[in-house]
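Listed below, chain by chain, are the residues.
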Amino acid sequence: MSVNTLLIGLDGATYLVLDALMEQGVMPFLQSFLAEGVRADMRTIVPPLTPPAWTSLMTGRRPGEHGVFDFFQLEPESRHVRFFTSHDIHSDTIFSLASQNGLRATALNFPSMFPAPKIAGYVVPGWVPWRQLRLACWPEGLLDSLKNLPGFNQRELAMDIKLEERTTEGCADSGEYGPWIELHTRREHNWFDIFRHLTVENPSALTAVLFDGVDKLQHLCWRFIRPEDARPLENDWEHKIRALCLEYFRRLDGILEQMCALVGPETTVLLTSDHGFGPTRTAFHINSWLERKGYLAWSEAAATWDTQGALLGVSQVARHTWMLDWTRTLAFSATPTSSGIYIVINRDGNSPGVPVSDYGAFRRRMITDLLEERDPRTGQPIVEHVWTREEVFSGPYGDTAPDLTLTLTDGGAISILPSKDLVSVRPDVAGQHRPLGIFAARGPRLRRGVRIGELSILDVAPTIVHTLGLPVPGEMRGRVPEEIYEQGAMRDRPVRRVAAAAPVATSYDESAAIPKMNPEDEELVLERLRELGYVE
Ligand SMILES: [Zn+2]
């Protein structure tokens, strides 16, 4: 048994950064990988957000078809939010499909995998608080068997951000950035060690490892990684931080080389991100904008609301919803991560909200207003594009998604808390997600050294399923891109498509209780989101 397909995920990787690093000699292995394989830009879903994007990559489906839209799930009735779990994925994944077809599958550090699906293979989920990691792994006892690996550190592997206690704007000097970057370098080695151990011990036909330090470093260290987007580095400590960032990528390159060497030349290796990245300087205070337009009203209590500590755990994310006057609010944004707006609908004719018959006109007017809004400092539009729910969340699970989703001109994030300014400016350039991620592949039947046109993140799952020798399920929206294969490869081994099956047989035990996080554990996860600037 050997690894047939190795998927290496680099969260947030963009050729904008990687090309420069290859040019500077920081990533020589990646350079040779691309020279011997296929390279493409890869367009992600809207919004370009980690959990729905990886879930789309793993399922080949759009968010409305698999059910994950955000880091959080909004309970429409109560307007409370909770963290999403693997039970929110109403769809097969590449891992469950492989397992159902008698192939072993291993998934390391992927989101949306907690609680772990009971597949033939290994699962160590990502985004799990360290105390829950032991119960989160599959098969049972897996974590105990990993603890003897040299350098294994459960807290670092999982989400114990208490180790760092940095915030997005909080890293003021080298003394704070340095250990944080080195932690992420160690974490990637930790994941690599687990991959190596499991692959040597009992390889899986489909093996997938996600390295997420790329995303983290680009969020906080964009100005050091690409000073040309910000300002020239001045002090010694700034140059030192840049050197540490480059060292992270140099070590990551070494990990990629060792992974490819371990699986050997007969393995098809796919290297992808979940979205791209770019610089950002601002945040748009969406709920304050809605208030100015008369769509939203804060309650009288909002002025005196203690925004810190009044609520525990994940409830804090949507704490502003406690501050809204629901008798006068027609639209609101629930989470800063979604860049989405919900419209309150008056379904029975007697409740506050927009009457059903006015919904279309109301929404069109809001789109026009959003596109016309100008940044008071620059006179430039704030919102580049507004997506309707039907455009980006069509599918059986789309009805809990936001009514509107924004793409901001600055590529930045929204803020959901009240503010006197519509647009706030960051003290320094930060990194934020963009639509174009990376795709690269090298393997036995693949073309060598070619750059092809843009692919979709939805193409990855069908490609993996095809590489495993399985028929591509009709539910997968993407295609197997023939242009990545050598001439004749498709003729020898054509893509087999099978009709969409009846409701998906998930590999999750639907009746099993979802482990409940206590507020303290939720706080650990939130801490990580806060650190990246997602949550306020
Ligand atoms: Zn991501």
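Scroll up to find the structure.
Rules behind the numbers
- Residues numbered from 1 in each chain as written.
- Predicted model: local features only at pLDDT ≥ 70, side-chain atom pairs only at ≥ 80, totals over all residues.
- Heavy atoms only, no water.
- Donors = N, O, S within 2.8 Å, 3.2 Å for Na, K, Ca; no water.
- Tetrahedral: all angles 85-135°; square planar, octahedral: opposite > 155°, others 65-115°.
- Helix = DSSP H or I, 4+ residues; strand = E, 2+ residues; numbered from the N terminus.
- Buried < 20%, exposed > 50% of the residue type's maximum accessible area, 1.4 Å probe, protein only.
- Pairing = 2+ DSSP bridges.
- Axes fitted to C-alpha atoms, helices over the stretch in contact; angles between N-to-C directions.
- Contact = heavy atoms within 4.5 Å.
- Salt bridge = Lys/Arg side-chain N within 4 Å of Asp/Glu carboxyl O.

Draft legend 1. Region of interest: the coordination of the zinc ion. Looking at the metal site, the zinc ion is ligated by Asp-11 (OD), Thr-50 (OG1), Asp-274 (OD) and His-275 (NE2), spaced 1.9 to 2.2 Å from it. Every donor counted, the 4 donor atoms about the zinc ion form angles of 95 to 126° at the centre, which fits tetrahedral coordination. Sequence spacing of the donor residues for the zinc ion, all on one chain, is D-x38-T-x223-D-H. A residue pair is termed long-range when its members are at least 10 positions apart, and Thr-50 in helix α3 (residues 50-59) and His-275 in the loop between β8 (268-272) and β9 (276-285) qualify at 225 residues. Residue Thr-50 shares its accessibility class with His-275, and that shared class is buried.

Draft legend 2. A look at the sheet that holds strand β16 (residues 413-415). Strand order in the open sheet made by the 3 strands is β16-β9-β17, with mixed pairing throughout. Of all the strands in the sheet, the pair left with one neighbour each is β16 and β17 (423-434). Taking each pair of neighbouring strands and ignoring which way they run, the sheet shows an average axis angle of 30°. Here helix α10 (residues 213-225) sits on the sheet in contact with β9 and β17, set at roughly 145° to β17.

Draft legend 3. Region of interest: the pattern of salt bridges. Across all of its chains, the model carries 26 salt bridges by this definition. A salt bridge links Arg-328 to Asp-325; the shortest N-O distance between them is 2.8 Å. Overall, Asp-325 belongs to the buried group, its relative accessible area being 18%. Overlapping salt bridges bring together Arg-223, Arg-231, Glu-238 and Asp-428 as one network.

Draft legend 4. Region of the structure containing the environment of Thr-5. Its place among the elements puts Thr-5 in strand β1 (residues 5-10). The class of Thr-5 is buried, set by a relative accessible area of 0%. Distance from Thr-5 to Thr-207, taken between C-alpha atoms, is 6.4 Å for residues 202 residues apart in sequence. Among all residues touching Thr-5, those that are not within four sequence positions of it are Ala-205, Leu-206, Thr-207, Thr-267, Thr-268, Leu-270, Ile-464, Thr-467 and Leu-468.

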